[in-house]
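One-letter residues, chain by chain:
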Amino acid sequence: MNHRTSIFHFFALFFVTLCVTAQPPKTSLDHTVYDEWNQLSKHQLSNDGRWVSFEINPQRGDGWLHLYDLSRNVRDSVARGRDAVFSPKNDFVAYRIHPKASEVRQAKADGKKSEEMPKDMLGITLLPGRTQFTVENMSSFVVSGKESGWLFYHLAKLPGDSLKGTDLFAHHPASGEKHVFEHVTDYAVSENGLLLVFVTENTEPDDRYDVHAFHTNTRIKQTIFSTGRPVQQLTTDAAGKQASFVHAGPYGEALIDTQDDASHDEHDSGQPAVFPNELFLWQGNGQQAFSVAGAHSEGMPEGWHVSGDASPFFSDDGSRLFFGTAPQALPQPADTLLPEEKHSVDVWHYKDPLIQPMQLVQLSEERKRSYRAVYHIDSGGMVQLADEDMPEVMINRRSTDRVTMGQSMLPYLIQNSFVSGDYRDVYLVDLHSGERELFLEKHRGSVHLSRRGDARLSPGGNYLLYYCQQNRSWYARSVADRSVVNLFAGITTPFFNELHDTPDEPDPYGVAGWIENDSYVLIYDRFDVWKADPSGKEPAVSLTGHYGRNNNISLRFVNLDPDAEYIGKRERIMLRAFHMYNKQSGYYTVSVNRPGTPERLIMEDAHIFQPVKAADAQVLLWRRSTFREYPDLWVSNMRFADRKQLSVSNPQQQDYLWGDVLLVDWVSFSNDSLQGLLYLPENIDETKKYPMIVYFYERFSDRLHSHFTPAPSRSTLNISYSVSNGYVVFVPDIKYTIGYPGQSAYDAIVSGTKAMLNQFSFIDRHNIGIQGQSWAGYQIAWIITQTDMFRAAMAGAPVSNMISAYGGIRWATGMSRIYQYEETQSRIGGTIWDQTLRYIENSPVFFANRVNTPLLMMHNDADGAVPWYQGIEYFMALRRLGKPVWMLNYNDEAHNLTRWPNRVDLSHRMYEFFDHFLKGAPAPSWMTEGVPAIRKNM
């Protein structure tokens with residue numbers, strides 16, 4: 001049975017009954033089909049590998065949750081089901097059931113308040129019999145981990161409820177046992193499901209908040225704390241033996257004394273008394289929760305208290321309780337001024353560590369800033385770890401090590417606002433004493449405790465691994481004796497980005513992980529995985545035997561157990577494979593204790609990705625796509641054998657014209673060998689002429705096997721829609737020369753377009769368009785000043801004046817745009833006073849008089865990446881010159897469109913524009929007459 005036939009049988013079995021009749025002719029995609037196109041997401045396996053769940057949801061509207069029994073080849077579907085969670089014992093699955101989209105829309109149209117809106121239901125399916133039942137008005141649910149078998153769910157507040165709290169249920173679906181707790185405002189469940197802690201609110205005779213503990217193994221409930229003020233940040237330890245929360249007074253002394261005592265809520269000025277927060281700990285055994293850290297605790301900085309904005313958490317072994325501290329906020333005096341009597345001003349100072357726009361963007365977060373501290377439960381002492389000089393300390397809750405990492409960017413904040421790389425100092429921090437030691441000064445790159453980051457602490461705490469950009473190599477520094485080892489001394493293989501083409505230092509390829517006991521670390525070059533000894537006793541070796549580099553295949557570790565800290569010293573690991581030239585993908589395997597040629601499991605002309613392994617079975621779930629095939633779900637054994645397709649997400653695709661894609665090669669004007677993608681309409685007739693649209697960003701050829709769902713545009717071309725409607729689409733890769741971004745784009749794009757015309761006679765050389773967004777929008781704006789090759793151009797959010805853009809702000813982050821031109825994507829490689837001519841030569845607005853190509857721009861007034869005045873500058877220059885130019889400004893929209901009606905509108909206008917210039921269709925009225933403000937949105 002061939003591939004197409006097998007899909008047909010699956011489709012017939014699960015989705016429709018087909019008659020043996022002639023199929024109707026296919027039609028082109030249009031803008032009305034977007035709602036019906038589905039997306040598959042959230043696929044997962046039960047621990048025993050028997051059950052699969054996944055969602056198939058339309059882009060707008062009601063979707064389905066699918067539950068698949070692999071052992072019996074039976075599928076159930078739940079309308080509007082979302083967020084499924086299998087029980088660890090494989091005996092039930094719980095999920096949300098959203099209300100109908102039509103009911104939500106009608107409620108919004110009726111102006112209903114949030115508590116009056118339709119609510120989610122909780123769905124529960126018992127396995128393996130698949131008995132289903134639901135619970136109305138559900139707010140949240142938790143499926144406990146490990147083996148307890150309990151499900152906890154909290155009901156939503158309904159209209160007319162006078163209390164904040166609602167019913168919380170502890171439910172054991174397998175037995176049907178159920179416990180209900182009333183007036184609950186917050187709850188937390190231990191990882192093993194043995195402990196439920198929750199807060200109840202009562203208002204009579206006075207406001208009262210009680211914290212309770214319920215033990216699921218004994219069914220015993222006890223009240224562990226009572227107070228007249230709210231409790232927040234409830235948490236438990238992993239073993240279900242301890243709990244913690246944050247509480248404000250009256251045990252702490254009020255910052256402003258009241259007339260009577262600290263238990264009153266207001267002082268004589270009418271302002272609330274402010275009580276410092278305290279951290280409470282409960283340790284079971286019939287005890288009450290007690291305060292372990294507060295404003296007057298030993299180790300607490302003077303004037304500080306426990307932060308209510310940071311969530312406390314226990315170490316996995318339960319010996320440490322980490323929490324946040326912060327300076328106490330003093331009460332503000334009563335505001336008696338009228339709005340017109342107040343001034344409002346931002347003062348920009350040249351010595352500000354962060355410029356004012358960044359400060360304003362981060363203001364809300366800064367007000368909630370907290371600093372990490374730890375309470376050692378066994379010894380009973382608090383230690384402050386972070387402070388205003390070293391604001392960040394990273395914690396691995398699974399670690400029992402004495403040390404961890406801290407970092408501070410404070411000395412380099414001004415410099416970091418002008419350069420890329422985010423310089424920082426990295427510290428070694430003692431968790432018992434709080435003492436810190438500067439371990440890396442002015443490190444350039446990221447810092448993290450996991451596999452991410454250019455500097456990280458090994459899981460066992462024995463080494464600090466870091467990448468040095470100056471030497472372009474990886475180093476390991478011993479925590480015990482501070483010795484430093486260059487892991488790849490004498491090895492000429494580059495471990496940095498070999499295709500790097502911006503003016504800053506190249507990044508490393510990264511780290512796969514650590515072998516148990518910190519014995520080895522696995523590090524990537526461009527193609528292979530290397531095994532390095534952090535002690536320096538053994539030389540580094542290519543774990544994959546240089547197979548990747550010798551065969552042009554990139555090999556990357558696949559972590560099938562996200563909870564595992566280490567890779568076993570004899571473990572056979574899976575590697576994701578991607579062929580750099582022909583774009584095949586698949587998976588290999590290799591043993592970490594036997595470096596050499598990896599074993600191929602699967603390698604296909606497709607994109608194979610997102611593998612998920614069952615925790616307790618040799619079952620693998622994964623996805624596969626090509627340009628023609630949606631990335632549906634497949635299941636197999638661990639060797640990708642006995643595979644079966646589980647989903648057909650978009651059966652309606654068979655009714656529409658689609659297309660094909662070719663991987664193409666050419667040599668640019670700069671004599672660079674380049675690749676690109678050429679998308680063709682379905683069943684192309686090579687005796688005819690087809691208009692072509694050139695679309696690009698930087699390098700897209702690796703996406704040969706990507707599938708593009710028909711969807712309204714956020715800013716760019718939808719390739720599936722384009723080829724379905726008779727366009728050829730060319731997507732060229734670009735190689736850049738520093739200082740000449742515009743010319744580099746011209747060399748690659750124009751040479752590639754000419755190469756396509758020479759290779760494929762069916763492309764209409766007289767009807768070629770070009771489209772791109774952001775960085776691509778800039779390149780289009782520049783290219784049309786250099787050539788009249790393109791009949792029409794559409795540029796989204798283009799920079800038109802690099803001099804004014806250089807001094808601008810990325811308003812979404814508040815960052816200066818300077819670094820972008822000096823060091824990163826814009827690739828000028830110097831300042832405006834050092835490289836003035838380069839800024840001018842690469843700015844389209846200075847050559848607007850050369851433009852003869854009709855141009856459509858989109859630049860929105862809430863663009864937080866490229867200030868929309870860049871689009872205005874180009875529009876006004878072209879308008880002054882009488883050039884055909886249109887600009888779409890979607891009000892209050894960002895860099896890329898987010899609102900569905902705006903996206904649909906852009907799609908209509910963009911293709912109306914190209915259809916007119918490239919296909920000869922009549923121009924719509926908005927192009928011929930404009931849209932006066934008085935007719936806006938009509």
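In case you missed it, the structure is sitting above this.
J.: If you had to explain the overall build of the chain to someone new, which residues and values would you point to?
T.: Across its full length, the chain carries 15 helices and 53 strands. Relative to its length of 938 residues, the chain is compact, with a C-alpha radius of gyration of 31 Å against a globular reference of 30 Å. Projected onto the principal axes, the alpha-carbon positions of the chain cover approximately 90 × 75 × 70 Å. Counting every position in the chain, which comprises 938 residues, the buried fraction comes to 54%. Within the chain, residue pairs in contact and separated by at least 24 positions form 56% of the contacts whose partners lie at least 6 positions apart. Carbon and sulfur atoms make up 48% of the accessible area of the chain, which totals about 41900 Å².

J.: I'd like a description of the sheet that holds strand β15 (residues 231-236), backed by residues and values.
T.: The antiparallel open sheet is built from 4 strands, whose spatial order is β15-β16-β17-β18. Edge positions in the sheet fall to β15 and β18 (290-293), since each of these pairs with one other strand and no more. Averaged over all adjacent pairs, the angle separating strand axes in this sheet is 30°, with direction ignored. As judged from the 3 bridges shared by strand β17 (residues 277-282) and β18, these two strands associate in the antiparallel manner. Looking across to β18, one finds that Leu-279 is bridged to Ala-293.

J.: Residue-level account of the environment of Gly-434, with values.
T.: With respect to the helices and strands, Gly-434 occurs in the loop between β26 (423-430) and β27 (436-444). On the basis of relative accessible area, Gly-434 is assigned to the buried category, the value being 13%. Gly-434 sits 135 residues away from Gly-299 along the chain, and the two C-alpha atoms are 9.6 Å apart. Excluding residues that lie within four positions of it along the chain, Gly-434 makes contacts with Val-383, Gln-384, Leu-385 and Val-429.

J.: Now, about helix α14 (residues 900-919): what can you tell me, with residues and values included?
T.: Compared with an ideal rise of 1.5 Å per residue, which puts 20 residues at 28 Å, α14 spans 27 Å between its outermost C-alpha atoms and is within 8% of the ideal. Among the residues of α14, Trp-900, Asn-902, Arg-903, Val-904, Leu-906, Ser-907, Met-910, Tyr-911, Phe-913, Phe-914, Phe-917 and Leu-918 are the ones counted as buried. Of the residues one or two after α14, Gly-920 is the one with positive phi, at around 80°.

J.: Report on the nonpolar core, specifying residues and quantitative values.
T.: Across soluble globular proteins, nonpolar side chains show a tendency to be buried alongside one another. In terms of nonpolar packing, the biggest core is built from 57 residues, with Leu-678, Met-692, Val-694, Ile-749, Met-756, Leu-855 and Tyr-874 touching the most fellow members. With sequence-adjacent residues up to four places away left out, Met-692 is seen in contact with Leu-678, Val-728, Val-729, Phe-730, Thr-753, Met-756, Ile-763, Asn-767, Ile-768, Gly-769 and Leu-918. Of all hydrophobic cores here, the second largest spans 39 residues; its members include Trp-37, Val-729, Val-731 and Met-794.

J.: Can you lay out the side chain of Glu-55 for me, pointing to particular residues and giving the numbers?
T.: By the element assignment, Glu-55 lies in strand β2 (residues 51-58). Reaching out from Glu-55, the side chain makes a polar contact with the backbone nitrogen of Asp-83 at a distance of 2.7 Å. For Glu-55, the contacting residues outside a window of four places in its chain are Gln-39, Leu-40, Ser-41, Lys-42, Trp-64, Leu-65, Gly-81, Arg-82 and Asp-83.

J.: Describe the side chain of Thr-404, and please don't skip the residues or the numbers.
T.: Among the structural elements, Thr-404 can be located in strand β25 (residues 403-408). Polar side-chain contacts of Thr-404 include one of 2.3 Å to the backbone oxygen of Met-394.

J.: Tell me what's going on with the sheet that holds strand β6 (residues 92-97), and back it up with residues and numbers.
T.: Note on sheets: strands pair through backbone hydrogen bonds, and any given pair is parallel or antiparallel. The 10 strands lie next to each other as β5-β6-β7-β8-β9-β10-β11-β12-β13-β14, forming an open sheet whose pairing is antiparallel. Because the sheet does not close on itself, it has two edges, and the strands there are β5 (81-86) and β14 (220-227). The average angle at which neighbouring strand axes cross in this sheet is 40°, direction not considered. Pairing between β5 and β6: 4 bridges, direction antiparallel. Note that in β6 the partner of Val-85 across the bridge is Ala-94.

J.: Talk me through the pattern of salt bridges; I want residue IDs and the actual numbers.
T.: Summed over all chains, the structure comprises 31 salt bridges. Residues Asp-83 and Lys-42 are paired through a salt bridge, measuring 2.4 Å at the closest nitrogen-oxygen approach. Of this pair, Asp-83 sits in strand β5 while Lys-42 sits in strand β1 (residues 38-45), placing them 41 residues apart in sequence. For Lys-42, a relative accessible area of 47% corresponds to the partly exposed category. Of the charged contacts, one joins Arg-219 and Glu-177 as a salt bridge, the two residues approaching to 2.6 Å between their closest N and O atoms. Of this pair, Arg-219 sits in the loop between β13 (208-215) and β14 while Glu-177 sits in strand β11 (residues 177-189), and the two are 42 residues apart along the sequence. Arg-219 gets classed as partly exposed once you look at its relative accessible area, which sits at 35%. Residue classification places Glu-177 among the partly exposed positions, given a relative accessible area of 24%.

J.: Account for the environment of Lys-442, naming residues and giving values.
T.: Locating Lys-442 in the fold gives a position in strand β27. Separated by 17 residues in the primary sequence, Lys-442 and Asp-425 have C-alpha atoms spaced 5.1 Å apart. Excluding its chain neighbours within four sequence positions, the residues that come into contact with Lys-442 are Tyr-412, Gln-415, Tyr-423, Arg-424 and Asp-425.

J.: Give a description of helix α8 (residues 741-759) that names residues and reports values.
T.: Compared with the 27 Å implied by 1.5 Å per residue over 19 residues, the 27 Å span of α8 between its first and last C-alpha is a close match. Of all the 19 residues making up α8, 15 are buried; the element is thus mostly covered by neighbouring parts of the structure.

J.: Lay out the packing of α8 against helix α9 (residues 775-783) with the relevant residues and their values.
T.: For the pair α8 and α9, interaxial distance at closest approach is 9 Å and the crossing angle is 85°. The angle between α8 and α9 places the two elements in the roughly perpendicular class. Across the interface between the two elements, Pro-741, Gly-742, Gln-743, Ala-745, Tyr-746, Ile-749 and Val-750 of α8 pack against Trp-775, Tyr-778, Gln-779, Trp-782 and Ile-783 of α9. For the contact of α8 with α9, the per-class residue count stands at 9 nonpolar, 3 polar and no charged.

J.: Would you mind going over the pairing of strand β34 (residues 529-532) in detail, with residue names and values included?
T.: Here β34 shows two buried faces, one formed by Val-529 and Lys-531 and the other by Trp-530 and Ala-532. With 4 bridges connecting them, strand β33 (residues 521-524) and β34 associate as antiparallel partners. Bridging across to β34, Leu-522 finds its partner in Lys-531. Taking the residues between adjacent antiparallel strands as the criterion, β33 and β34 are bridged by 4 residues. Note that β34 and strand β35 (residues 541-542) share 2 bridges and pair antiparallel. From the neighbouring strand, Trp-530 faces β35, where its bridge partner is Ser-542.

J.: Quick one: what's the story with the pairing of strand β8 (residues 131-143), residue by residue and with numbers?
T.: Examined bridge by bridge, strand β7 (residues 120-126) and β8 share 6 bridges and lie antiparallel to one another. Pairing of Asp-120 across the sheet is with Met-138, part of β8. Counted along the chain from β7 to the antiparallel partner β8, the turn is 4 residues long, and its residue Arg-130 has a positive phi close to 70°. Bridge analysis of β8 against strand β9 (residues 151-155) gives 5 bridges, and the strand direction is antiparallel. Directly across from Phe-141, in β9, lies its bridge partner Tyr-153.

J.: Describe unusual backbone geometry, naming the residues involved and giving the relevant values.
T.: For the peptide bond that leads from Leu-127 to Pro-128, omega is 5°, which places it in the cis range. Here Pro-128 lies in the loop between β7 and β8. For Ala-797, which is not a glycine, the phi torsion comes out positive at approximately 45°. Looking at where Ala-797 falls in the secondary structure, it is placed in the loop between β49 (792-796) and α10 (802-806). Its relative accessible area of 1% is what places Ala-797 among the buried residues. Positive phi values are uncommon outside glycine, yet Asp-892 reaches one of about 60°. Following the sequence through the fold, Asp-892 ends up in the loop between β53 (885-888) and α14.

J.: Now, about the environment of Asp-120: what can you tell me, with residues and values included?
T.: Inspection of the secondary structure puts Asp-120 in strand β7. Judged by its relative accessible area of 15%, Asp-120 is buried. Residues in contact with Asp-120, not counting those within four places in the same chain, are Arg-96, Ile-97, His-98, Pro-99, Glu-136, Asn-137 and Met-138.

J.: Residues and numbers for the packing of aromatic side chains, please.
T.: A full pass over the atoms with the stated rule returns 42 aromatic pairs. Judged by centre distance (5.8 Å) and plane angle (10°), the ring pair of Trp-622 and Trp-634 falls under stacked. With Trp-622 in strand β41 (residues 620-625) and Trp-634 in strand β42 (residues 632-636), this residue pair connects regions lying 12 residues apart in the sequence. A relative accessible area of 8% places Trp-634 in the buried class. Taken together, a centroid distance of 5.6 Å and an interplanar angle of 45° make the contact between Phe-760 and Phe-762 tilted. Feature note: the residues Trp-37, Phe-627, Tyr-656, Trp-658, Tyr-679 and Phe-708 constitute an aromatic cluster, connected by ring pairs. Just above the ring of Phe-496 sits the side chain of Arg-472; from NZ or CZ to the centre is 4.7 Å. One cation-aromatic arrangement involves Arg-827 over Tyr-736; the distance from NZ or CZ to the ring centre is 3.9 Å.

Each value, and the rule that gives it
Residues numbered from 1 in each chain as written. Predicted model: local features only at pLDDT ≥ 70, side-chain atom pairs only at ≥ 80, totals over all residues. Heavy atoms only, no water. Helix = DSSP H or I, 4+ residues; strand = E, 2+ residues; numbered from the N terminus. Rg over C-alpha atoms; globule rule 2.2 N^0.38 Å. Buried < 20%, exposed > 50% of the residue type's maximum accessible area, 1.4 Å probe, protein only. Contact = heavy atoms within 4.5 Å. Areas by Shrake-Rupley, 256 points an atom, 1.4 Å probe, with all protein chains shown as cover. Pairing = 2+ DSSP bridges. Axes fitted to C-alpha atoms, helices over the stretch in contact; angles between N-to-C directions. Expected span 1.5 Å × (residues − 1). Core = buried A, V, L, I, M, F, W, Y, C linked by side-chain atoms within 4.5 Å. Polar contact = N/O pair within 3.5 Å; in protein donor to acceptor, adjacent residues only side chain to side chain. Salt bridge = Lys/Arg side-chain N within 4 Å of Asp/Glu carboxyl O. Parallel < 35°, antiparallel > 145°, perpendicular 65-115°, else oblique. Nonpolar A, V, L, I, M, F, W, Y, C, P; charged D, E, K, R; others polar. Phe/Tyr/Trp six-rings, centres within 6.5 Å; stacked < 30°, edge-to-face > 60°. Lys NZ or Arg CZ within 6 Å of the ring centre and 35° of its normal.

These values are about where atoms sit, not about what they do.
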